[in-house]
Number of protein chains: 2
Amino acid sequence: MEKVSLPKGTRDFGPAQMAKRQFIFDSIRKVFQRYGFQPLETPAMENLSTLTGKYGEEGDQLLFKILNSGDYLKDVDSVKLATKDSRLITNDISEKGLRYDLTVPFARYVVTNRHEITFPFKRYQIQPVWRADRPQKGRYREFYQCDADVVGTDSLVCEAEIILMIKDAFKILGINDYIVKINHRGILSGLAEILNASAKEGSLFVAIDKLDKIGEEKVKEELRARGFDGDLSSLFETLNFKGNTKQKIDFLGQKFTSSEKGKKGLSDLTEVLSLLAGFGATDDHVEFDVALARGLSYYTGCIFEVKIGNVSIGSVSGGGRYDNLTAVFDAKEKSSGVGFSFGIDRLYDAMEELNIFPKDARASSTVLVAHLDEQSFRHSLKIVQGLRENEISCEVYPEPAKVKKQLEYADKKKIPFVVVIGSEEIRTETVTLKKMETGNQLTLSFPELVTAMQLYK
Amino acid sequence: MEKVSLPKGTRDFGPAQMAKRQFIFDSIRKVFQRYGFQPLETPAMENLSTLTGKYGEEGDQLLFKILNSGDYLKDVDSVKLATKDSRLITNDISEKGLRYDLTVPFARYVVTNRHEITFPFKRYQIQPVWRADRPQKGRYREFYQCDADVVGTDSLVCEAEIILMIKDAFKILGINDYIVKINHRGILSGLAEILNASAKEGSLFVAIDKLDKIGEEKVKEELRARGFDGDLSSLFETLNFKGNTKQKIDFLGQKFTSSEKGKKGLSDLTEVLSLLAGFGATDDHVEFDVALARGLSYYTGCIFEVKIGNVSIGSVSGGGRYDNLTAVFDAKEKSSGVGFSFGIDRLYDAMEELNIFPKDARASSTVLVAHLDEQSFRHSLKIVQGLRENEISCEVYPEPAKVKKQLEYADKKKIPFVVVIGSEEIRTETVTLKKMETGNQLTLSFPELVTAMQLYK
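For clarity, every value in this text was computed on a predicted model and none was experimentally measured. (Residues numbered from 1 in each chain as written. Chains lettered and ligands numbered in written order. Predicted model: local features only at pLDDT ≥ 70, side-chain atom pairs only at ≥ 80, totals over all residues. Heavy atoms only, no water.)

Details of the overall build of chain A
Now for step 1: Across its full length, chain A holds 18 helices and 16 strands.
Now for step 2: For chain A, the C-alpha radius of gyration of 28 Å lies well beyond 23 Å, the compact-globule estimate for 457 residues.
Now for step 3: With the C-alpha coordinates of chain A rotated into their principal frame, the extents come out at 90 × 70 × 50 Å.
Now for step 4: Every one of the 457 residues in chain A was classed for burial, and the buried ones make up 57%.
Now for step 5: Residue pairs in contact within chain A that sit at least 24 positions apart in sequence constitute 68% of those at least 6 positions apart. (Helix = DSSP H or I, 4+ residues; strand = E, 2+ residues; numbered from the N terminus. Rg over C-alpha atoms; globule rule 2.2 N^0.38 Å. Buried < 20%, exposed > 50% of the residue type's maximum accessible area, 1.4 Å probe, protein only. Contact = heavy atoms within 4.5 Å.)

Things to note about the packing of helix α8 (residues 185–194) of chain A against helix α9 (residues 201–208) of chain A
All names here are of chain A.
Now for step 1: One way to put it is that α8 packs onto α9 with a least axis distance of 10 Å and a crossing angle of 105°. In terms of their interaxial angle, α8 and α9 are classed as roughly perpendicular. Of α9, the residues touching α8 (which contributes Arg185, Leu188, Ser189, Leu191 and Ala192) are Glu201, Leu204, Phe205 and Ile208.
Now for step 2: Along the lines of polarity and charge, the residues of the contact of α8 with α9 split into 6 nonpolar, 1 polar and 2 charged. (Axes fitted to C-alpha atoms, helices over the stretch in contact; angles between N-to-C directions. Parallel < 35°, antiparallel > 145°, perpendicular 65-115°, else oblique. Nonpolar A, V, L, I, M, F, W, Y, C, P; charged D, E, K, R; others polar.)

Considerations on the side chain of Ser376(B)
Residues and elements named next belong to chain B.
Now for step 1: Tracing the sequence through the fold places serine 376 in helix α15 (residues 374–389).
Now for step 2: Of note is the side chain of serine 376, whose polar atom sits 2.8 Å from the backbone nitrogen of leucine 372.
Now for step 3: Within the structure, serine 376 has its side chain in polar contact with the backbone oxygen of isoleucine 421 (distance 3.3 Å).
Now for step 4: Among residues more than four places away in sequence, those in contact with serine 376 are His371, Ile421, Gly422 and Ile426. (Polar contact = N/O pair within 3.5 Å; in protein donor to acceptor, adjacent residues only side chain to side chain.)

Some thoughts on the packing of aromatic side chains
Now for step 1: Applying the stated criterion across every chain yields a total of 30 aromatic pairs over all chains.
Now for step 2: Ring pairing ties together the aromatic residues Phe32(A), Phe37(A), Tyr124(A), Phe170(A), Tyr178(A), Phe340(A) and Phe342(A), which thus form one cluster.
Now for step 3: The side chain of Lys220(B) reaches across the aromatic face of Phe236(B), ending 5.0 Å from its centre. (Phe/Tyr/Trp six-rings, centres within 6.5 Å; stacked < 30°, edge-to-face > 60°. Lys NZ or Arg CZ within 6 Å of the ring centre and 35° of its normal.)

Quick look at the relation of the copies chain B and chain A
Now for step 1: When chain B is fitted onto chain A, the two copies agree to an RMSD of 0.1 Å after a turn of 180° and an axial shift of 0.0 Å. These values place the two chain copies in the arrangement generated by a two-fold rotation axis. For chain B, the residue whose C-alpha comes nearest the rotation axis is Ile66(B), separated from it by 2.2 Å. (Least-squares fit on C-alpha atoms with pLDDT ≥ 70 in both.)

Below, the structure written as structure tokens:
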């Protein structure tokens, strides 16, 4: 047998996984649509000129590049080729790459369609992305992203609605133990100002973002190693301040008396919480976390991260506001936006770990119709089709076989109900319904069968 | 501004198109699931060893190949590289390709998972495929395929159910004028036997498959050019025979007295029609077409093709039975299967041409909540959230703005209803509901609004 295998870091999703994944996708899509977000799909391939330079040098290395079609080597300079320097040659033999995320294609879409789009534009996008990363547990070379963004408005209603959408999605998914961490880029800048370290903001944020994971002493070590030699006590007094959101805001208000950025951060957060109350929602699950930085220089306003409690990889969603989505393509065009993303693989793993997928997130039929002989096989076809006409997912075992074999088939495929048809059922115009989980049997008329299955499906 | 464009032959799908495409996908998925088919997804990338040699030499040329990561030229033989012969080098610098169809990945999945799969295995798969074809009207380099296959049974119930699924899908999609053409590879072989041309079956089928398009005289010319120098009159007497399915079967029965393959073809077709009747379905829309060949040596039993009437590109679906799905990977493993595929782009174009997409196949919110001032903006948040709690898709214009601007936003986004909130509405605890299409306005309580919108959504 020819050896067949999957490329490293890629996966098949068989029926059982697909049913659970579809449950997640459908739930999130439902929430996005309920909040007025519209679907978008972009091609898997983009021109390399669109992709390169957007993800840093490391990101460029992780792009999957597509070999040009036809005689791609013909026009490559022979001397250049003889160097065997892959980096020199790549642009000559490849002009397309696979998308690395959904943000850059979205920005490209907005720029190329800006005259047709009605702003504010609310879009969601659920598609796979590809990264030539070293595969490891929980890190794949192909994985889905699930993004929602609004561009073309500064309104903090969008931030409040992101929190509401996360709450709605988790309610549908059955996730009860989680925290939506929120912070603001301005507050981080305020902290940097207090340290007189505005020029080194980036290093500061990267270090304090690790507070959760490595603890205060290690963060202090890292900061000193990065050249923060001043007094760190005021910084850690702030990072360690315990209190509810209002108390934290009051405390920081005293610190930020001379930081315009810090004050803007606090007033934005206050307004988001006020809008949340305006929507009639509580701030349950919402936590203001001064140390949250998400390591990205990209964000300019509120930032979010969502963690699920009691699972190994808790961080399943994140996002924030940015002022420069389309600036990478058009410096004149500054469209403020805010967005967030669900990590589908992590959500899936968390829900498996918590064992909270609903029982009916299965890909099998609701009913198998089994038969005892040729005559009952023929008779069963009408039963099968009658159930389907009532939108009940069902199948007939497609060839004459022992009932035992047919029941095994239902059992292996996790089909919850089997209808058995024999000569007695044909004579009395009934069916025998067997519930696989319990083995319980009932004799029913066809209309009774339909009613029972409609309650279940 | 940096010039940004899409790669040739690829497309974005914006909200309006996505809504219609999702309507098609959801409808077909619903039908597949109703018939007990289970979802499968495979990765976009497969090893080139899995893909090459499966689609003929031309197909191999049309595979999109992915450049190996890292320093891919390092180990390439310098002498070989100096030839600049692209064909010689490709295998050294590329080991993965994008999937070309869904059939080969499915076969690969079945072979690698055969010990876990319960047969008969009914799977559907809706994913994009990529072909480095020359782009032209209606032909893209990235497009979705939508396949359903059963492997592991010879039962003709599967063939009958394919016809039923096509009928069900078209009913949901609102397509009434169509023909499901059916033929059988054995009948085509029987025709070849009559001509004493069994050795040249392939050429014969390719030629007569064009009868529809180029007419009898041109087909005769092509056959003579291909070396069919015998008497073609009996062949065309058969091809031109007019009658219903039963009459055609009777007529061919007399021709095929000495062709075992031909007789098997007729008895299979007869059984498929009998099973269809057993399911309680008519053979409306089903037409036995002796000339249907689908140009593929691949099929071994029944073959199907679906044409929609009164549109420019009518052929939107096709398929058939094959005896050797997994043989390309494992010669010992012969799993009979039968499958078919919907062409999503063609279905979309046909439905646009017929103007039959339902009105609610739109991606917009059902309701925009508009406001007159800061106070009514705050008040509107509770209305918005109340509608969402009732699963009504809605949005609030996110910043204070003139009502005219808010109504224009709703109009451009094709949001059918606008709720206007002002001081009078706040005082009387009502809302003003405006239907955008007619301009009609109603004053309603919130519960009345919910009821009205639930009827509409």
